[in-house]
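# Commentary on secondary and tertiary structure
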Amino acid sequence: MKISKTSPFFPIIFSVVFFFSQSIGNAAKNTTKSPKGESQVVTDTNIVAVVNGQKIPKQELYTLLIDTYGEDALDVLIRRTLILQAAEKEGIKITNTEIEQKLETLINNEIEGLLRTYQIKDRADLEKELAKVGSSLENVKKKMSTRMRKQAEVELLAERLMEKTITVTDEDLQKAYDLQYGEKIEASQIVFRTRREAEDALKKLQAGADFATLAKNESVDRISAARGGKMQPFSPKDGIGTDVAHLKVGEISDIIKTDYGYHIIKITDRKPPSNNSFKSVKGELAKAVRNQKYKERVGPWLMSLIENASIVKNLGND
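Residues numbered from 1 in each chain as written. Predicted model: local features only at pLDDT ≥ 70, side-chain atom pairs only at ≥ 80, totals over all residues. Heavy atoms only, no water.

Before going further, it helps to spend a moment on the overall build of the protein chain. Of the regular secondary structure elements, the protein chain holds 12 helices and seven strands. Long-range contacts, defined as pairs at least 24 residues apart, comprise 72% of the intrachain contacts of the protein chain with a sequence gap of at least 6. As displayed, the protein chain has an accessible area near 20300 Å², and 51% of this comes from carbon and sulfur atoms. (Helix = DSSP H or I, 4+ residues; strand = E, 2+ residues; numbered from the N terminus. Contact = heavy atoms within 4.5 Å. Areas by Shrake-Rupley, 256 points an atom, 1.4 Å probe, with all protein chains shown as cover.)

The following block contains the structure:
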């Protein structure tokens, strides 16, 4: 059985549809316009639109949606059904209040995603953009609420189902504390696709080449390259941090191989640990660790449900 690589829960409708289609949805409803501009009501439930007198049947819309989203949308429904079945088997129930709280979180996340995707400064500017197409943020939220309510319910049930399989140890909490509140390294990087390229660049740096200029011109990591190679601060106890923990400020690393390529790292600063005590943030850390473990395990767990289920698809096509 083919299972798409989409998120286990997110429906197969892109946010861009909701961003630019509000005015169409608000204006169309169940009415159409005659050639003289008079409003007419479409009473036949098998007809979804009338264009210049030509009827568009519901079946045509259904076929288009199946051809476009059918396989992915069906996979979403299958995953949801498996989770609902598992929750019913375990006797797990959730309240409407819990669903509303989860739904609010999902909607807020989606709106933040819109802001990032369209490079909009804030919600006030988003409201202005929506007004240009005859809509509003409130209308978008209502449509999202309708679309994502079932998603909120299913995600909550999945979280409850997996709660009993997740344990958070003191070692987990200490590691999380070190990563979040411990010492931080500030550094810049240049990333290359091949070792030979990295070796050539390292020779240039050792001969006095400017690190930031080389990063801007040659690094394949264009996000950090645009900042002259500057990276987000990281812990010396995790990931690439363990490879450069011994370096002093101003020193340049040897070539470090990762899944992303061949890195040359320059240490620019070291920040001391935070003043937050372990005890004061223990609860916050426990929640973060539990959430991280859930994210890591939910995919394999869901695949296990799929592999052990009897699933027969019938979309009416090959």
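Read on for the rest.
Turning to its location among the elements, Thr146 is positioned in helix H6 (residues 137-163). Separated by 43 residues in sequence, Thr146 and Leu103 place their C-alpha atoms 9.7 Å apart.

Now for the nonpolar core. Ile83, Ile107, Ile111, Leu126, Met144, Met148 and Tyr294 are the most contacted members of the largest nonpolar core, which totals 29 residues. Contributions of two or more residues to this core are made by helix H3 (58-90), helix H4 (96-117), helix H5 (123-132), H6 and helix H12 (278-307). Examining the composition of this core, we find that 11 residues originate from one element, H6, more than from any other. Non-local contacts of Ile111, meaning those with residues more than four positions away in its chain, are made with Arg123, Leu126, Leu137, Lys141 and Met144. Judged by nonpolar contacts, the second largest core, of 12 residues, contains Ala201, Leu205, Leu214 and Ala215. (Core = buried A, V, L, I, M, F, W, Y, C linked by side-chain atoms within 4.5 Å. Buried < 20%, exposed > 50% of the residue type's maximum accessible area, 1.4 Å probe, protein only.)

Next up on the list: the packing of aromatic side chains. By the definition in use, this model includes two aromatic pairs. Relative to Phe278, the ring of Tyr177 has its centre 5.6 Å away and its plane inclined at 80°; by these criteria the two rings are edge-to-face. Here Phe278 lies in helix H12 and Tyr177 lies in helix H7 (residues 170-181), a separation of 101 residues in the sequence. Note on Tyr177: relative accessible area 14%, which makes it buried. Members of the aromatic cluster, each reached through a chain of ring pairs, are Tyr177, Tyr181 and Phe278. (Phe/Tyr/Trp six-rings, centres within 6.5 Å; stacked < 30°, edge-to-face > 60°.)

One way to put it is that H3 packs onto H6 with a least axis distance of 9 Å and a crossing angle of 50°. Classified by the angle between their axes, H3 and H6 sit oblique to one another. Remark: the crossing between H3 and H6 carries left-handed chirality. Along the contact surface, H3 presents Arg80, Ile83, Leu84, Ala86, Ala87 and Glu90, while H6 presents Lys150, Gln151, Glu153, Val154, Leu157, Ala158 and Leu161. For the contact of H3 with H6, the per-class residue count stands at eight nonpolar, one polar and four charged. (Axes fitted to C-alpha atoms, helices over the stretch in contact; angles between N-to-C directions. Parallel < 35°, antiparallel > 145°, perpendicular 65-115°, else oblique. Left-handed = near helix turned anticlockwise from the far one by under 90°. Nonpolar A, V, L, I, M, F, W, Y, C, P; charged D, E, K, R; others polar.)

Everything listed is a geometric property; what it means functionally is a separate question.
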